[in-house]
Amino acid sequence: MTTHKYRFIDLFAGIGGIRLAFERAGNQCVFSSEWDKYAQQTYFENFGEMPCGDITAIPAEEIPSHDILTGGFPCQPFSSIGKREGFEHGTQGTLFFDIARIIAKKGPKAFLLENVQGLKTHDKGNTYRTIIKTLQDELGYWTDDRVLDSANFGVPQHRRRIYIIGFSPEISQHPDFEFNWPDPDLIVWPDP
């Protein structure tokens, strides 16, 4: 019998990139959600399970208990190459609040959110401030964020993304709590 470190959910799963990393670290995915039918098919081919569809139609009560919530919520409303409609985007701009709804109901120990780096400056920083206020003040999580470039972590392309992490008071208020972002200069890459 395999013992997993943590149970996690994979929201806005795409084809499963975040899941792949979490599973390689010894964790167990207990729920996934992706609305795009082609991404769902690829996810199925990659992991042998079909993700649930539109997260806005899934009650939080139906999502299994989990330790970590992960989600690369849609970035098009915040991207510099799009219209930058943000929360005003009719179908994608408010999906962050579905993350907040699930966190409020399920109370995971931690979360990892990913988006385009433009999220931080969208609407003169108001979008980012709303997200952080929701996570910290309304949900009570300690948060931190960093823009990381995948080119610094062994990927052959520049892909700058903001990562927002958060820990529940149960974790963040523990006397031994410490979080460190990965340092690409300290990563030893295997020979090809």
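Scroll up a little and you will see the structure.
The structure displayed is predicted, hence computed values, not measured ones.

1. Here we look at the packing of aromatic side chains
Then, in step 1: On inspection of all chains with the given rule, the structure shows 11 aromatic pairs.
Then, in step 2: Ring plane angle 45° and centroid distance 4.9 Å describe the contact between tyrosine 43 and phenylalanine 47, whose orientation is recorded as tilted. On the criterion of helical spacing, the pair formed by tyrosine 43 and phenylalanine 47 is a turn pair, its members being four residues apart in helix α2 (residues 37-47). Each member of the pair, tyrosine 43 together with phenylalanine 47, is buried.
Then, in step 3: Their ring planes at 50° and their centres at 5.7 Å tell us that phenylalanine 167 and phenylalanine 179 sit as a pair that is tilted. Separated by 12 residues along the polypeptide, phenylalanine 167 in strand β6 (residues 160-167) and phenylalanine 179 in the segment after α5 (169-172) bring together distant segments of the chain.
Then, in step 4: We classify phenylalanine 179 as partly exposed; its relative accessible area is 27%.
Then, in step 5: Through pairs of rings, three or more aromatic residues link up here, namely Trp142, Phe167, Phe177, Phe179 and Trp181.

2. Section: the side chain of asparagine 27
Then, in step 1: By secondary structure assignment, the location of asparagine 27 is in the loop between α1 (17-24) and β2 (28-32).
Then, in step 2: Among the polar contacts made by the side chain of asparagine 27, one reaches the main-chain amide nitrogen of tyrosine 6 at a distance of 3.1 Å.
Then, in step 3: At 3.0 Å, the side chain of asparagine 27 and the backbone oxygen of phenylalanine 22 are in polar contact.
Then, in step 4: Dropping the residues within four chain positions of it, asparagine 27 is found in contact with His4, Lys5, Tyr6, Phe8 and Phe22.

3. Looking at the pattern of salt bridges
Then, in step 1: Applying the stated criterion across every chain, the model contains nine salt bridges.
Then, in step 2: A salt bridge links arginine 19 to glutamate 49, with the shortest nitrogen-to-oxygen separation between them at 2.9 Å. Linking arginine 19 in helix α1 with glutamate 49 in the loop between α2 and β3 (68-71), this pair joins segments that are 30 residues apart in sequence.
Then, in step 3: For glutamate 49, a relative accessible area of 29% corresponds to the partly exposed category.
Then, in step 4: Across the pair lysine 105 and glutamate 61 runs a salt bridge, and its minimum N-O distance is 3.7 Å. Taken together, the residues lysine 105 in helix α3 (residues 96-106) and glutamate 61 in the loop between α2 and β3 connect sequence positions 44 residues apart.

About the criteria used
Residues numbered from 1 in each chain as written. Predicted model: local features only at pLDDT ≥ 70, side-chain atom pairs only at ≥ 80, totals over all residues. Heavy atoms only, no water. Phe/Tyr/Trp six-rings, centres within 6.5 Å; stacked < 30°, edge-to-face > 60°. Helix = DSSP H or I, 4+ residues; strand = E, 2+ residues; numbered from the N terminus. Buried < 20%, exposed > 50% of the residue type's maximum accessible area, 1.4 Å probe, protein only. Polar contact = N/O pair within 3.5 Å; in protein donor to acceptor, adjacent residues only side chain to side chain. Contact = heavy atoms within 4.5 Å. Salt bridge = Lys/Arg side-chain N within 4 Å of Asp/Glu carboxyl O.

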